[in-house]
Amino acid sequence: MFYDVGPKYTQSGPYGTMPAVSSQPQIRRNLNTRNRLSQVMTSDHHRDTEFMGAALEEAQQAFSLGEAPVGAILVHEGTIIARGHNLRELRHDPTAHAEMLVIQRAAEQLQSWRILDTTLYVTLEPCLMCTGAMLQARIPRLVFGTLDPKAGACGSLFTVHQDSRLNHQIDIRHGVQEESCRNILKEFFQQIRQDHAVTTKS
């Protein structure tokens, strides 16, 4: 990144031209600005990690119910206003993804279909249905844990969230607690395969 350091080289010295003395305050201001930006980014990353931990708790609940372990939360002004996890099997509902349930609960909580000034955290990259729902709800930011190469609509198979033809786009950060999000899915499907093998043998 380039930072403007003020006036051009104007002073001469034994080692050639040197920056003008008047440029020093500008240099300090630039350094202070860069430090503040770094602090903000560090704070945001720490907060994202904490909130993803809450989404992982939801994923664990899904696991215990025999559902694919995907969990989600929705945060508004630093507060969790909705939580959810997959319930497709229990509800016999193909739309009962964690994100869909969270969006519905958040809309009810806010008494508005526009879910503005929020961040949705989910352990697995959203599918087309869930990404479409986020766009409809005008959710501005999404943070997810691990990619979904078979159904992901936010970078893996599609990039619906950044389609300029739509009247809304979503800012995304991914890879937060990625290993934990991936491992719980891996463990779940390993267990499914083991249970299936035992059933087949018997």
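Whatever comes next refers back to the structure up there.
None of these values were measured; they are calculated from a predicted model.

1. Considering the sheet that holds strand β5 (residues 118–124)
Argument step 1. The 5 strands are arranged β4-β3-β5-β6-β7 in an open sheet whose pairing can be described as mixed. At either margin of the open sheet sits one strand with a lone partner, and together these are β4 (79–85) and β7 (171–174). Along the sheet, successive strands turn relative to each other by an average axial angle of 15°, direction set aside.
Argument step 2. Contacting β3 (71–76), β4 and β5, helix α3 (residues 98–110) runs over the sheet at an angle of about 140° to β4.

2. Regarding the pattern of salt bridges
Argument step 1. One pass over the structure, following the stated rule, counts 7 salt bridges.
Argument step 2. Note that Arg173 and Asp48 form a salt bridge whose closest N and O atoms lie 3.0 Å from each other. Separated by 125 residues along the polypeptide, Arg173 in strand β7 and Asp48 in helix α1 (residues 23–64) bring together distant segments of the chain.
Argument step 3. You can call Asp48 buried: its relative accessible area is 1%.
Argument step 4. Here Asp163 and Arg165 are joined by a salt bridge, their closest N and O atoms 2.7 Å apart.
Argument step 5. On the basis of relative accessibility, which here comes to 75%, the residue Arg165 falls in the exposed class.
Argument step 6. Several salt bridges converge on common partners, so that one network encompasses Asp48, Arg141 and Arg173.

What counts and what doesn't
Residues numbered from 1 in each chain as written. Predicted model: local features only at pLDDT ≥ 70, side-chain atom pairs only at ≥ 80, totals over all residues. Heavy atoms only, no water. Pairing = 2+ DSSP bridges. Helix = DSSP H or I, 4+ residues; strand = E, 2+ residues; numbered from the N terminus. Axes fitted to C-alpha atoms, helices over the stretch in contact; angles between N-to-C directions. Contact = heavy atoms within 4.5 Å. Salt bridge = Lys/Arg side-chain N within 4 Å of Asp/Glu carboxyl O. Buried < 20%, exposed > 50% of the residue type's maximum accessible area, 1.4 Å probe, protein only.

Interpretation note: all reported values are geometric properties and have no functional meaning in isolation.
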